[in-house]
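# Structure at a glance
Residue strings, one per chain:
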Amino acid sequence: QKEVEQDPGPLSVPEGAIVSLNCTYSNSAFQYFMWYRQYSRKGPELLMYTYSSGNKEDGRFTAQVDKSSKYISLFIRDSQPSDSATYLCAMRNNAGNMLTFGGGTRLMVKP
Amino acid sequence: GAVVSQHPSWVICKSGTSVKIECRSLDFQATTMFWYRQFPKQSLMLMATSNEGSKATYEQGVEKDKFLINHASLTLSTLTVTSAHPEDSSFYICSARDARTSGRRETQYFGPGTRLLVL
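In this report, we go over the structure that sits alongside the text.

Scoring rules and cut-offs
- Residues numbered from 1 in each chain as written.
- Chains lettered and ligands numbered in written order.
- Predicted model: local features only at pLDDT ≥ 70, side-chain atom pairs only at ≥ 80, totals over all residues.
- Heavy atoms only, no water.
- Pairing = 2+ DSSP bridges.
- Helix = DSSP H or I, 4+ residues; strand = E, 2+ residues; numbered from the N terminus.
- Axes fitted to C-alpha atoms, helices over the stretch in contact; angles between N-to-C directions.
- Disulfide = S-S within 2.5 Å.
- Buried < 20%, exposed > 50% of the residue type's maximum accessible area, 1.4 Å probe, protein only.
- Contact = heavy atoms within 4.5 Å.

### Considering the sheet that holds strand β1 (residues 4-6) of chain A
All names here are of chain A. Read from one edge of the open sheet, 5 strands run β1-β3-β8-β7-β6, paired in antiparallel fashion. Because the sheet does not close on itself, it has two edges, and the strands there are β1 and β6 (54-58). On average, each strand axis in the sheet is inclined to that of its neighbour by 15°, with strand direction left out of account. Where strand β3 (residues 19-25) meets strand β8 (residues 71-76), 6 bridges bridge the pair, whose relative direction is antiparallel. Bridging across to β8, C23 finds its partner in I72.

Given below as structure tokens:
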């Protein structure tokens, strides 16, 4: 079993839809939780980060962490075709620098 | 914002040759840099952690004699793929951690990646 599980998709939604992306993990030591967006043939771009449990909102993006369930989510409101990309969750423990990535979910937003 | 560059962005080489990839933090100092490889439609796989002034730490299964890492300064790390073979063809991505880490910010920034094709 992988340390971080993420549905690979692809997830196809119409423009304007609310998108929900999720990851589950098994390591209870993880404290920092990140979401990266990666366009084809580009490096990952940090979208959101959250420390420990809770919600964080930034524009159309909301990140949620539920440590009791070992479950994190990224919500995208009013999705746009430009949101079409692969979304990677990543996490690390309190002390380490090393990120553990999920496999990525490919999202397609159709106009 | 913090910017990490990689050079070259893509390279094609013959089997048996060596290829050097540079990773630079442009507006911050990075005591730690990471090297990943990514195969098509797969996630990033950490290859090694590079600390300035010391030897890199390689992940299990990564040959340190094949993937040479040099972190000579606080803004530059290089990955050399020695005696490259077609199976080394991949997308190589570096990331750099800002040395001015404070509080609970995420301070690891990724480069744009280098696409390597070995013929």
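Still more to cover.
### Here we look at the pairing of β6 of chain A
All names here are of chain A. In this structure, β6 lies alongside strand β7 (residues 61-66), joined through 5 bridges in antiparallel fashion. Considered in β7, the bridge of G54 is made with V65. The hairpin formed by β6 and β7 contains 2 residues between the paired strands, and G59 there has a positive phi angle of roughly 65°.

### Some points on the state of the cysteines
Within the structure shown, the criterion is met by 2 disulfides over all chains. Linked covalently through their sulfurs, C23 of chain A and C89 of chain A form a disulfide whose S-S length is 2.0 Å. Linking C23 of chain A and C89 of chain A, the disulfide has an S-S dihedral of approximately -105° and is accordingly described as left-handed. Of the two residues, C23 of chain A is situated in strand β3 and C89 of chain A in strand β9 (residues 85-93); the sequence distance between them amounts to 66 residues. The same class applies to C23 of chain A as to C89 of chain A, namely buried. The closest cysteine sulfur to the non-disulfide-bonded C13 of chain B is located on C94 of chain B, 18 Å from its own sulfur.

### With respect to the environment of E57 of chain A
Residues and elements named next belong to chain A. If you trace the backbone, E57 turns up in strand β6. For E57, a relative accessible area of 59% gives the class exposed. When the C-alpha positions of E57 and L74 are compared, they lie 9.7 Å apart, and in sequence the two are 17 residues distant. When sequence neighbours within four positions are dropped, the list of residues in contact with E57 reads M48, T62 and R77.

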